Amino acid sequence: MKYAAVVISITAKALDHVFSYAIPDRLQSRLNKKGMRVSIPFGKGNRQIEGYVIGFADSLPEGIDISKIKEISDILEQYPVISEKRIALAYWMQTEYYSTLSDCMQCIIPKKVKSKTYKCAYIDFENVDIKAIDEIIAKNNKQSRVLRFLIDGGSVPISHIRGFLGIDTAPINALVKKGIVKTEENEVYRGNYNTARAVKNSGFELTDEQKAAVEAILENDGRPVLLKGVTGSGKTEVYLRVIEKMIERGKQSIVLVPEISLTPQTVDRFISRFGDTVAVTHSRMSDGERYDQWRRAASSEIAVMIGPRSAVFTPFENIGAIIIDEEHESAYKADQQSPKYDAREIALKLSELYGCTVVLGSATPSVVSYHKAEAGAYRLVEMKKRVNLSPPEMIVTDMREELAAGNRGIFGRDLKEAIKRNLDEKKQTILFLNRRGHSTFVSCRSCGHVMTCENCNVNYTYHEYNRSLMCHYCGASVAIPEKCPECGSEYIRYFGVGTQRIEQEVIRHFPQARVLRMDADTTREKNSHTEILDRFREHDADILIGTQMIAKGLDFPDVTLVGIIAADLSLNLNDYHSGEITYQLITQVAGRAGRAEKPGRVFVQTYCPEHYSIQAAVNGNYESFYEQEREFRRIMRYPPFTNIFFVLVSGEDEKKVYRVIMTLHEIMRRYNKKGDFELFAPTPAVISKIKRKYRYRMMVRADDTDRLKKYVLYTIEKLGAHMPLDDVSVNISLNPNYSF
Ligand code: ADP
Ligand code: ZN
Ligand code: ZN
């Protein structure tokens, strides 16, 4: 072939088409597959950039001037970096997510990195007595986990060991000191995918519900399976069995989990079952590590990939199953990048392309997914029983009654009593509040002035440990003022409770309690997340206080009491998802109680116990929640009954931002003569200023997604032709997770 069709790695809308390049003779025999990455000259200066070959031809497309055609300079890898099916996926994403083809290709293909060497570790079997190894393994600590990981032989990059096990280098260094483990510099890690050794049965006899679920998933009637199973019903065991079967069939699987449930505990369950046929990706990996994982997947060295949403692009060509755990999580949608893809939708598209099974698992399915199951588009499979135990006992505390009875504290009287009893009985307690900091609202007693961030239209949160005011939106931090900046009064008041305040109250009421707190402030260091959970598991603390970081996936057998401090916090989000989010949070947090033989109790503290989300969560009745939520959305015309486009204009010059959004509104009106699209007036966004940028939003609603998308894209193009948009940004999002 003489010519190649090339997608270039520059992501400008104006360059969003396929370019023709000539293939020089010296590359003729080697450049022979679609999907190969090449280096090409581009633009006036012939700068070298990357491109992806997506087709070949003997002649140029009509109308192209042969004298303008440039030559491909070089081939970057000897193998295709994207398969034909995935090129099709990129094309689909381009229209689905109104993005450029180049952006979509780069989302699917990881960044190219030069191969390098890794510091690897291995067990020095030749010089170490096997007894010494066994002794450490028997101890069940971090060092033993490292040895168990390395015992199958081979030299493994230390970064992989840390990633797999969620540890720092200390236990590895300790083993090196003992002379049991040695380190060396190695080329890229080559795992050995060996099915015969990899599959180890768990020894569990599956419950009837689990058996039925596994069968339904393996049957694959062409529809995705919505696996609705209460927490503790054994969904993870179902995933493991499905993957096992896939490995037997020579097929590969992807498991998606929200980043915060990518805990060592979850990962360990997969590793102990499948050994080194499993790889894990996470957001803290370097480009080099990511590229390696991707190569291992592409060359079938591994059979299972676990990771957050981007793991959906793992290049398995023989893919059998994509499992999406906690499918209701908003983290599966990429809201902050282009393309704004949804990993759940990508999974469904892949199942169309590859015929693989998609499993959407959750104890609290999203309203949108359950609606699809109701309509028959998804196959609903339910698991209603916890494997070994009864559901936790849920107790509602009406905080208005507490107030009326003279209790102005943070804890209801019953919860306080229960914490005390739990401490006496040496059992563990989890206290949940989805808000970090100490006080969320700081104001002057004399004039009422509220301390707000200079860059954002947001109240400062008071942080006790460094006695500072912090903005949770831009990260700004200022010392607490000694006097009110408005009136000079020295009397400052603190309102609104955050996790630090809970910690303080716990220590005040229960001085004997050992307390751990897990939130964004205590988990800044790389491994602090794991350390806190390890310490809690090892009974290094009686009470764990935390934000939504502790809501998911944790399995602590001695936790018998859970306190949800302000269950209605998420009801005030000013967002049509708030009922759904509230139901999910209460249910997920409650699931942390009584995971083992010990029965669990959950106190739900609220000022509006009558709200249907809270009622349904307390009764563990998803159907009742869903029916009321569905009616609310139907009447209010919210998704899934219709579609809403949010348009956000932001910039430092407020007048300009306002002019732009008003002009857009005017253009939209002009192209909406028939009134097919419901236009809402522009307003300041929920948070009207972030990082010195003013934010205005407008909403457009219509039933037909495709027409709505075309309309919004078209009118924004018109807007760009109408006025320069260089110092503002226009952001659009279809049915976003959060209103903005
Ligand atoms: P889920 O993911 O639905 O919350 P898990 O898969 O974590 O539930 O299972 C809950 C607990 O029950 C785990 O400790 C797991 O090891 C155990 N378990 C799961 N299936 C079985 C089974 N068939 N027999 C005995 N124990 C099981
Ligand atoms: Zn004042
Ligand atoms: Zn700020």
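Parameters at a glance
- Residues numbered from 1 in each chain as written.
- Chains lettered and ligands numbered in written order.
- Predicted model: local features only at pLDDT ≥ 70, side-chain atom pairs only at ≥ 80, totals over all residues.
- Heavy atoms only, no water.
- Donors = N, O, S within 2.8 Å, 3.2 Å for Na, K, Ca; no water.
- Tetrahedral: all angles 85-135°; square planar, octahedral: opposite > 155°, others 65-115°.
- Pairing = 2+ DSSP bridges.
- Helix = DSSP H or I, 4+ residues; strand = E, 2+ residues; numbered from the N terminus.
- Axes fitted to C-alpha atoms, helices over the stretch in contact; angles between N-to-C directions.
- Buried < 20%, exposed > 50% of the residue type's maximum accessible area, 1.4 Å probe, protein only.
- Near = heavy atom within 4 Å.
- Polar contact = N/O pair within 3.5 Å; in protein donor to acceptor, adjacent residues only side chain to side chain.
- Areas by Shrake-Rupley, 256 points an atom, 1.4 Å probe, with all protein chains shown as cover.
- Lys, Arg positive; Asp, Glu negative; His and termini not counted.
- Salt bridge = Lys/Arg side-chain N within 4 Å of Asp/Glu carboxyl O.
- Contact = heavy atoms within 4.5 Å.
- Phe/Tyr/Trp six-rings, centres within 6.5 Å; stacked < 30°, edge-to-face > 60°.
- Core = buried A, V, L, I, M, F, W, Y, C linked by side-chain atoms within 4.5 Å.
- Left-handed = near helix turned anticlockwise from the far one by under 90°.
- Nonpolar A, V, L, I, M, F, W, Y, C, P; charged D, E, K, R; others polar.

Asker: Looking at this structure, how should I read the coordination of the zinc ion (ligand 3)?
Answerer: With distances of 2.3 Å, the protein atoms coordinating the zinc ion (ligand 3) are Cys453 (SG), Cys456 (SG), Cys471 (SG) and Cys474 (SG). Coordination at the zinc ion (ligand 3) is tetrahedral: its four donor atoms span angles of 103 to 115 degrees at the metal.

Asker: Sorry if this is basic, but what is going on with the sheet that holds strand E13 (residues 319–324) here?
Answerer: Paired through backbone hydrogen bonds, the strands of a sheet run either parallel or antiparallel to each other. Across the sheet, which stays open at both edges, the seven strands sit in the order E11-E12-E10-E13-E14-E9-E15 with parallel pairing between neighbours. Two strands lie at the open edges of the sheet, namely strand E11 (278–280) and strand E15 (379–383), each paired on one side alone. In this sheet, adjacent strand axes meet at a mean angle of 15 degrees when their direction is disregarded. Direction of pairing for strand E10 (residues 252–256) relative to strand E12 (residues 304–307): parallel, over a ladder of four bridges. When the bridges of E12 are listed, Val255 appears paired with Ile306.

Asker: Please clarify how the coordination of the zinc ion (ligand 2) should be interpreted in this entry.
Answerer: Geometrically, a metal with four donors at the corners of a regular tetrahedron has ideal angles of 109.5 degrees, and one with six donors at the corners of a regular octahedron has ideal angles of 90 or 180 degrees. Within the protein, Cys444 (SG), Cys447 (SG), Cys484 (SG) and Cys487 (SG) serve as the donor atoms for the zinc ion (ligand 2), at 2.3 to 2.4 Å. Taken together, the four donor atoms coordinating the zinc ion (ligand 2) and their angles of 103 to 114 degrees define a geometry best described as tetrahedral. Assessed through its relative accessible area of 4%, Cys484 is described here as buried. Under the relative-accessibility criterion, Cys487 is labelled partly exposed at 41%.

Asker: Would you mind showing me how to read the site of ligand 1 here?
Answerer: Around ligand 1, 17 residues are found, and the nearest of them are Gln210, Gly232, Lys235, Thr236 and Arg269. Interatomic distance of 2.8 Å between a side-chain N/O atom of Gln210 and a nitrogen atom of ligand 1. Separating an oxygen atom of ligand 1 from a side-chain N or O atom of Thr236 is a distance of 2.8 Å. Expressed as a share of its isolated accessible area of 560 Å², the protein-covered part of ligand 1 is 81%. The element contributing the most residues to the shell around ligand 1 is helix H9 (residues 235–248), with three residues.

Asker: It is not clear to me how unusual backbone geometry should be interpreted in this structure. Could you clarify?
Answerer: Backbone geometry follows two general trends: most residues other than glycine have a negative phi, and most peptide bonds adopt the trans configuration. Residue Pro339 is bonded to the preceding Ser338 through a cis peptide linkage, with omega at -5 degrees. Among the structural elements, Pro339 can be located in the loop between E13 and helix H12 (343–354). The omega angle of the peptide bond from Pro639 to Pro640 is 5 degrees, so this bond is cis rather than trans. Relative to the helices and strands, Pro640 is located in the loop between helix H20 (622–636) and strand E27 (643–651). The phi dihedral of Asn46 falls on the positive side, at around 50 degrees, and the residue is not glycine. Within the secondary structure layout, Asn46 lies in the loop between strand E3 (36–42) and strand E4 (47–57). Located in the positive-phi region is Tyr98, a residue other than glycine, with phi close to 35 degrees. Locating Tyr98 in the fold gives a position in the loop between helix H1 (84–96) and helix H2 (101–108).

Asker: Hey, could you run me through the side chain of Lys333 in this one?
Answerer: The topology assignment puts Lys333 in the loop between E13 and H12. Here Lys333 sits buried without a salt bridge, and the closest side chain of opposite charge, Asp335, lies 5.0 Å off (N-O distance). Within the structure, the side chain of Lys333 is placed 2.9 Å from the backbone oxygen of Leu734, a separation counted as a polar contact. A polar contact of 3.0 Å, which involves the side chain of Lys333, links it to the backbone oxygen of Asn735. Apart from the residues within four sequence positions on either side, Lys333 is in contact with Arg309, Tyr341, Asp342, Arg344, Leu734, Asn735, Pro736 and Asn737.

Asker: Just checking my understanding: could you explain helix H17 (residues 528–537) for this structure?
Answerer: One full turn of an α-helix is made of 3.6 residues, so residues set three or four places apart face in the same direction. Most of H17 sits out of view: seven of its ten residues are buried. Residues of H17 that are buried include every one of Ser528, His529, Thr530, Ile532, Leu533, Asp534 and Phe536, and no others. Residues of H17 that are buried sit in contact with helix H4 (142–150), helix H10 (264–274), strand E17 (428–432), strand E23 (515–518), strand E24 (543–546) and strand E25 (559–564). Taken from the residues just after H17, His539 is the one with a positive phi, measuring 60 degrees.

Asker: Honestly, the packing of aromatic side chains in this entry has me stumped. Any pointers?
Answerer: To describe a pair of aromatic rings, one takes the distance between the centres and the angle between the planes. One pass over the full model with this rule turns up 20 aromatic pairs. Measuring from centroid to centroid gives 5.8 Å for Trp92 and Tyr97, while their planes differ by 85 degrees, and the two rings are edge-to-face. Accessibility expressed as a relative area gives 21% for Trp92, which makes it partly exposed. Here the aromatic rings of Phe441 and Phe495 are separated by 5.5 Å at their centres, their planes lie at 70 degrees, and the arrangement is edge-to-face. Placement of the pair is Phe441 in strand E18 (residues 439–444) and Phe495 in strand E22 (residues 492–497), with a sequence separation of 54 residues. Judged by relative accessible area, which is 32%, Phe495 ranks as partly exposed. Members of the aromatic cluster, connected to one another through ring pairs, are Tyr370, Tyr583, Tyr612, Tyr622, Phe625 and Tyr626.

Asker: Whenever I open this one, the nonpolar core confuses me. Can you help?
Answerer: Generally speaking, soluble globular proteins have nonpolar side chains that are buried together. Counting residues in each nonpolar core, the largest one holds 84 residues, and the members touching the most others are Met93, Phe313, Ile322, Tyr341, Ile346, Ile564 and Val604. Ignoring anything within four residues of it in the chain, the contact list for Met93 reads Tyr98, Cys104, Cys107, Ile108, Phe313, Pro339, Tyr341 and Ile346. Core analysis: the second largest hydrophobic core is formed by 52 residues, Ala216, Ile271, Ile323 and Val381 among them.

Asker: Would you take a moment to explain the packing of H4 against helix H5 (residues 158–165) for this structure?
Answerer: Angle between the axes and distance between the axes: these two values describe a pair of packed helices. Two elements in contact, H4 and H5, have axes separated by 11 Å at closest approach and are oriented at 115 degrees. For H4 against H5, the interelement crossing comes out right-handed. Contacts between H4 and H5 pair Arg145, Val146, Phe149 and Leu150 from the former with Ile161, Phe164 and Leu165 from the latter. In the contact of H4 with H5, the residues fall into six nonpolar, no polar and one charged.

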